[in-house]
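# A look at the structure
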Amino acid sequence: MDSNGSKANNLTIERLDAAYGAVRVIEGVSLNVRSGETVALLGTNGNGKSTLMKCVMGIVPPIAGRIVAEIDGVAHDLVGRTTEEIVDLGIALVPEGRRLFPRLTVEENLLLGAFRKKARAEIDANRAFCFECFPRLAERRAQLAGSMSGGEQQMLALARALMQSPRILLIDEPSVGLAPVLVARTIEKIKELKERYKLTVLMAEQNFPQALRIADRGYVIVHGQIAFEGRSAEELNNNDLIKKFFATSSWPSNPGHDVERLWSYLRSPQPPARSGGATVASVWLLRLSASATKPAAFTSSTNVRT
Ligand SMILES: Nc1ncnc2c1ncn2[C@@H]1O[C@H](COP(=O)(O)OP(=O)(O)OP(=O)(O)O)[C@@H](O)[C@H]1O
Ligand SMILES: [Mg+2]
């Protein structure tokens, strides 16, 4: 039982090790997600976030350690179980990159989420709940999933997981591939769902500021090890590791400033002395084009040299 008297749904990982062949990618990871919490697993590319989630789901077998999920007050050891058994217990994964069926409709994708026995009995209620939470999916129920926008596809991936009637939800990098305004909207939706559905959530992210907006607390994973455990979002915010990663993160902190630099590069009579200038410029361009703001520099009528 949790403090509210309802049955507990929580996740405990103890001294977990995982490897691909001889390469160890998770080393001695211990973490927990208590009933009703949203815990962030923060880390930049290649640090083991997805691998950890795959271990919980039985997709990657750990080489050592324990993973225990308490579902409706009953504890289950997950290591050694198949993914089907783990899903059946009430643990759902919203995978990185969404993994929808692009040639099936929105509604067909949703229905495929409901293969868990318990969820099959709740299809109508869950579908109605999904359509209420995501009105856009209701409007587009007959549209092919592959033709939806990135943000809509992320909503569909979340809704599909809800069709499993989960107690514990793992969300792997919901912000990937989304423009900043959609990232913010997706993150807010996760918060709303978690509150309405009373879910226990573990969310992997490398967009630290967005994740910290909704996380109760979190862990920073570096090279497969927990480098820092923040007992509150505030503690994470004030942590030097977070500041270091965020300061060096690939997302420009001031898009306007970067546009000015890009613009002066494009207008310069000589190519920049530094090698790779064109690549740097095109990377900026890609990022900036995804930015929500339209910086003033783009209103300039100056010719661009090619
Ligand atoms: N199937 C695999 N075979 C071999 N190595 C793998 C495999 N999957 C992941 N790895 C390696 O394991 C390490 C951790 O990868 P993982 O995908 O867990 O990181 P991540 O934190 O989720 O990264 P990202 O933010 O890019 O998704 C990386 O070095 C990666 O190259
Ligand atoms: Mg990943």
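Everything numeric in this text was worked out from a predicted model, so none of it was measured. (Residues numbered from 1 in each chain as written. Chains lettered and ligands numbered in written order. Predicted model: local features only at pLDDT ≥ 70, side-chain atom pairs only at ≥ 80, totals over all residues.)

A word on the overall build of the protein chain. From N to C terminus, the protein chain includes 13 helices and 10 strands. Taking all 306 residues of the protein chain together, the buried fraction comes to 38%. Partitioning the contacts of the protein chain with sequence separation of at least 6, the portion at a separation of at least 24 is 69%. (Helix = DSSP H or I, 4+ residues; strand = E, 2+ residues; numbered from the N terminus. Buried ≥ 20, exposed ≤ 12 C-beta atoms within 10 Å, placed from the backbone. Contact = placed C-beta atoms within 7 Å.)

Further remarks concern the sheet that holds strand 4 (residues 64-71). Across the sheet, which stays open at both edges, the 4 strands sit in the order 2-1-4-5 with antiparallel pairing between neighbours. Strands with a single pairing partner mark the edges of an open sheet, and in this sheet they are strand 2 (23-33) and strand 5 (74-77). Neighbour-to-neighbour, the strand axes of the sheet open up by a mean angle of 20°, direction not taken into account. Taken together, the 4 bridges between strand 4 and strand 5 define a ladder with antiparallel strand orientation. (Pairing = 2+ DSSP bridges. Axes fitted to C-alpha atoms, helices over the stretch in contact; angles between N-to-C directions.)

Time to look at the nonpolar core. Counting 69 residues, the largest nonpolar core has Leu41, Val56, Leu156, Ala159, Leu169 and Met203 as the members making the most contacts within it. A per-element tally of this core places helix 7 (residues 150-162) first, with 7 residues. Setting aside its immediate chain neighbours within four residues, Leu156 contacts Leu100, Val106, Asn109, Leu137, Ala145 and Met148. (Core = buried A, V, L, I, M, F, W, Y, C linked by C-beta atoms within 7 Å.)

On to the site of ligand 1. Looking at ligand 1, there are 13 residues lining it, with Tyr20, Asn45, Lys49, Ser50 and Thr51 nearest. Broken down by element, the residue count for the shell around ligand 1 peaks at 3 residues, all from helix 1 (residues 49-56). Residue classes in the shell around ligand 1 are distributed as 2 nonpolar, 8 polar and 3 charged. (Near = placed C-beta within 6 Å. Nonpolar A, V, L, I, M, F, W, Y, C, P; charged D, E, K, R; others polar.)

For the rest of this paragraph, the subject is helix 5 (residues 123-133). Residues of helix 5 that are buried include every one of Asn126, Arg127 and Cys130, and no others. The arc that holds the buried residues of helix 5, viewed along the axis, is 100°, so those residues lie on one side. Every exposed residue of helix 5 that faces more than 90 degrees away from the buried side is listed here: Asp124, Ala125, Ala128 and Glu132. Close packing links the buried residues of helix 5 with helix 3 (106-112), helix 4 (117-120), helix 6 (135-139) and helix 7. (Arc of directions from axis to C-beta.)

For the rest of this paragraph, the subject is the pairing of strand 3 (residues 38-42). In terms of burial, strand 3 is largely enclosed, as 5 of its 5 residues are buried. The alternating pattern of strand 3 places Thr38, Ala40 and Leu42 on one face and Val39 and Leu41 on the opposite face, and all of these are buried. When strand 3 meets strand 8 (residues 200-205), the two strands line up parallel, connected through 5 bridges. The residue of strand 8 that forms the bridge with Thr38 is Val201.

Looking at the element boundaries, Val25 is found in strand 2. For Val25 and Thr51, which are 26 residues apart along the polypeptide, the C-alpha to C-alpha distance reads 7.7 Å. With sequence-adjacent residues up to four places away left out, Val25 is seen in contact with Ala18, Ala19, Tyr20, Gly48, Thr51 and Gly224.

It is worth spelling out the sheet that holds strand 9 (residues 217-222) at this point. With mixed pairing, the 6 strands of this open sheet are ordered in space as 6-7-8-3-9-10. Single-partner strands in this sheet number two, and they are strand 6 (91-94) and strand 10 (225-230). Along the sheet, successive strands turn relative to each other by an average axial angle of 20°, direction set aside. Bridging between strand 9 and strand 10 involves 5 bridges; their strand directions are antiparallel. Paired with Val222 across the bridge in strand 10 is Gln225. Of the strands in this sheet, strand 3, strand 6, strand 7 (168-172), strand 8 and strand 9 are in contact with helix 1, which crosses strand 7 at around 150°.

With that settled, the discussion passes to the environment of Thr83. Of note, Thr83 is situated in helix 2 (residues 83-89). With 26 residues separating them along the chain, Thr83 and Met57 place their C-alpha atoms 5.5 Å apart. Not counting residues within four places of it along the chain, the set of residues in contact with Thr83 comprises Met57, Gly58 and Ile59.

As a further point, take the packing of helix 7 against helix 8 (residues 180-197). Between helix 7 and helix 8, the least distance of the axes is 10 Å, while the angle of their chain directions is 15°. As judged from the angle between their axes, helix 7 and helix 8 are roughly parallel. As for how helix 7 packs across helix 8, the hand of that crossing is right-handed. Across from Gly150, Gly151, Gln154, Met155, Leu158 and Leu162 in helix 7, the residues of helix 8 making contact are Leu182, Arg185, Thr186, Lys189, Leu193 and Tyr197. When the residues that make up the contact of helix 7 with helix 8 are grouped by side-chain class, the tally is 6 nonpolar, 4 polar and 2 charged. (Parallel < 35°, antiparallel > 145°, perpendicular 65-115°, else oblique. Left-handed = near helix turned anticlockwise from the far one by under 90°.)

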